[in-house]
Amino acid sequence: MAKAFGIKKYKEICCNWYVLVLLFVLGYLIQRLPTFVPKISVNSFTMDDGSVSIWNGIELKRVDDGSSCAGKYIYIHHLPSRFNVDILKDCSSILKWRNMCKYISNFGMGPIALNLENTIQDKGWFATDQFLLEVIFHNKLKRYKCLTNNYASATAIFVPFYAGLDVSRFVLGSSNFQRDDNSIRLANWIVKTAEWKRRQGRDHFSTLGRISIDFRRESEDRWGSKLLLLPEFNNMTFLDIESDSRSTNEFAIPYPTYFHPSSDKEIIEWQEKVRKMDRPYLYTFVGCRRPNISTSIRDQIIQQCISSFPRCQLLDCKTSDCTNPVSIMKMFKKSVFCLQPAGDSYTRRSTFDSILAGCIPVFFHPNSAYTQYVWHLPNNNTKYSVLISEEALRNKNVRIEEILKEIPEYEVEIMRKEVIRLIPKIIYADPRSSLETLEDAFDIAVQKVIQIINNKI
């Protein structure tokens, strides 16, 4: 009996030993599988709130076997820090009238938004500034699955110049020399690089976090830089929040919204939430007057909204906080239609906020969306929006309420379904995560820009 027990114990020990060896071998093999490899660089820094604003400190690169990345590789240009990191380090000087440091936190998404009154969700919402596309896009690209460290194998080369934040520092009390300095420095530097010389910049692309006209200063008495007028950049592709219709190398992509989900589940839950919302208001306007713009129709819109109360609700940004995502979403979620007139330019971040809330956007000029966001919005504009003549409104020939009331309920329901379906396409998911099956605005933009560059080269 003792001998049998000893043999049994011996077998158990051997079995355990074999298991340990097998686990060790499996662990070694797992380590050899494709995975994200953190690359630490000297450019990392941390904001006062402890969050990393730009991830030059940790660049996550995926080791890929190449089968799914053929023709899709992107190389990120290693620019001198003055073109991106240094701008963020000096974040308090980006705007003269507001400290931007908290807004560049969380990889450009800004401070976490609290879910007051159960208006939004507990996760994925931030007080994002509308002009931080450059930082968000750059940080998302660092998680792109087909990054390469070899520019010669790349289809596209990304230039992470924060041009919008750069020129924002010189809005008031500055010279044109200051506004152009970094753009000219970048042009002089980049044309000397091996990456540029390979295709003369035709495979290079960048993002612009402000509207096109801010980079097209055609005379010395106007504001903005002349980045887009520099001949060195003629071959590059630019993705901006509003493009110039005359340009052949600019393409508009959505403004950043407040919602940056980290999973498909968060998006689907939000879509379901806005789908079930009661919408007691016919239409809503969030904005303020533009007294210095003679062609503005906002006075007429505000007056009509006031006279249509309670069927219209108004949030006047001159007297109310229009940077609070909870306030904005609370208004839009309760409305069937959301008015989107031109402001300082034709486009507005509010367009994407309204879509995010399941509110059907009402435009007054095709350039506010139809001619701009052709990658992200349907070609059939009537599927998701309403267009009212700007000129007719200016001449007081139409009543907004009457036009919207005449739209049949079944058509309204079809439009709302389409608007809610568009939500994933007009948001930028959290740069620290990857969506499983849904494509966000970043994914669509990268696919399109690679197509464009392939056609150019």
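Residues numbered from 1 in each chain as written. Predicted model: local features only at pLDDT ≥ 70, side-chain atom pairs only at ≥ 80, totals over all residues. Heavy atoms only, no water.

(A) Representation of the state of the cysteines. Counted under the stated rule, the structure contains 5 disulfides. Between the sulfur atoms of Cys 317 and its disulfide mate Cys 322 the distance is 2.0 Å. Between Cys 317 and Cys 322, the S-S torsion sits near -95 degrees, and that sign places the bridge as left-handed. Residue class for Cys 317 comes out partly exposed when judged on its relative accessible area of 26%. A disulfide bridge connects Cys 338 with Cys 359, and the sulfur atoms are separated by 2.1 Å. Between Cys 338 and Cys 359, the S-S dihedral sits near 110 degrees, and the bridge is therefore right-handed. Of this pair, Cys 338 sits in strand 10 (residues 335–340) while Cys 359 sits in the loop between helix 10 (350–356) and strand 11 (360–363); the two residues are 21 residues apart in sequence, bridging distant segments of the chain. In this structure, Cys 338 and Cys 359 share a single accessibility class: buried. Each disulfide in the chain links cysteines that, numbered along the sequence, combine into the pattern 1-4, 2-3, 5-6, 7-8, 9-10. Between Cys 288, a cysteine without a disulfide, and Cys 317, which holds the nearest cysteine sulfur, the sulfur-to-sulfur distance is 5.6 Å. (Disulfide = S-S within 2.5 Å. Buried < 20%, exposed > 50% of the residue type's maximum accessible area, 1.4 Å probe, protein only. Helix = DSSP H or I, 4+ residues; strand = E, 2+ residues; numbered from the N terminus.)

(B) Region of interest: the nonpolar core. Residues Ile 74, Phe 137, Leu 141, Phe 205 and Phe 337 are the most contacted members of the largest nonpolar core, which totals 89 residues. It is helix 14 (residues 441–456) that provides the largest number of residues to this core, a total of 9 residues. (Core = buried A, V, L, I, M, F, W, Y, C linked by side-chain atoms within 4.5 Å.)

(C) The arrangement of the sheet that holds strand 10 in detail. Sheet architecture is open: 5 strands sit in the order 9-8-10-11-12, paired in parallel fashion. The open sheet has two edge strands, strand 9 (312–316) and strand 12 (386–387), and neither has a second partner. (Pairing = 2+ DSSP bridges.)

(D) Fine view of the environment of Ala 163. Residue position: Ala 163 is located in helix 4 (residues 163–168). For the pair formed by Ala 163 and Asn 84, sequence separation is 79 residues and the distance between their alpha carbons is 8.4 Å. For Ala 163, the residues in contact, after removing those within four places along its chain, are Glu 134, Leu 208, Phe 215 and Leu 227. (Contact = heavy atoms within 4.5 Å.)

(E) Seen up close, the pattern of salt bridges. Inspection of the entire model under this criterion finds 30 salt bridges. As a salt-bridge pair, Asp 440 and Lys 140 come within 3.2 Å of each other at their nearest N and O atoms. Here Lys 140 lies in helix 3 (residues 133–141) and Asp 440 lies in the loop between helix 13 (409–422) and helix 14, a separation of 300 residues in the sequence. Overall, the relative accessible area of 1% leaves Asp 440 in the buried class. (Salt bridge = Lys/Arg side-chain N within 4 Å of Asp/Glu carboxyl O.)

(F) View of helix 5 (residues 176–190). Between the first and last C-alpha of helix 5 there are 21 Å, a value that for 15 residues agrees with the 21 Å anticipated at 1.5 Å per step. Three or more residues of helix 5 are buried, namely Asn 176, Arg 179, Asp 180, Asp 181, Asn 182, Ser 183, Leu 186, Ala 187 and Ile 190. Next to the buried residues of helix 5 lie helix 4, helix 6 (194–199) and strand 5 (204–208). (Expected span 1.5 Å × (residues − 1).)

(G) Main features of unusual backbone geometry. Going from Phe 309 to Pro 310, the amide bond is cis rather than trans, its omega being 10 degrees. Following the sequence through the fold, Pro 310 ends up in the loop between helix 8 (298–307) and strand 9. Look at Asn 106: it is not a glycine, yet its phi comes out positive at around 55 degrees. The residue Asn 106 is located in the loop between helix 2 (85–89) and helix 3 in this model.

(H) Structural view of the confidence of the model for the chain. Put simply, the chain has an average pLDDT of 88, and 85% of its residues get 70 or more. Predicted confidence is poor over residues 1–5, with pLDDT under 50, and the contacts of this stretch with residues over four places away or in other chains come to 0 contacts. A low-confidence stretch, residues 7–11 (pLDDT under 50), is modelled with 0 contacts involving residues beyond four sequence positions or located in other chains. (pLDDT = per-residue confidence, 0-100.)

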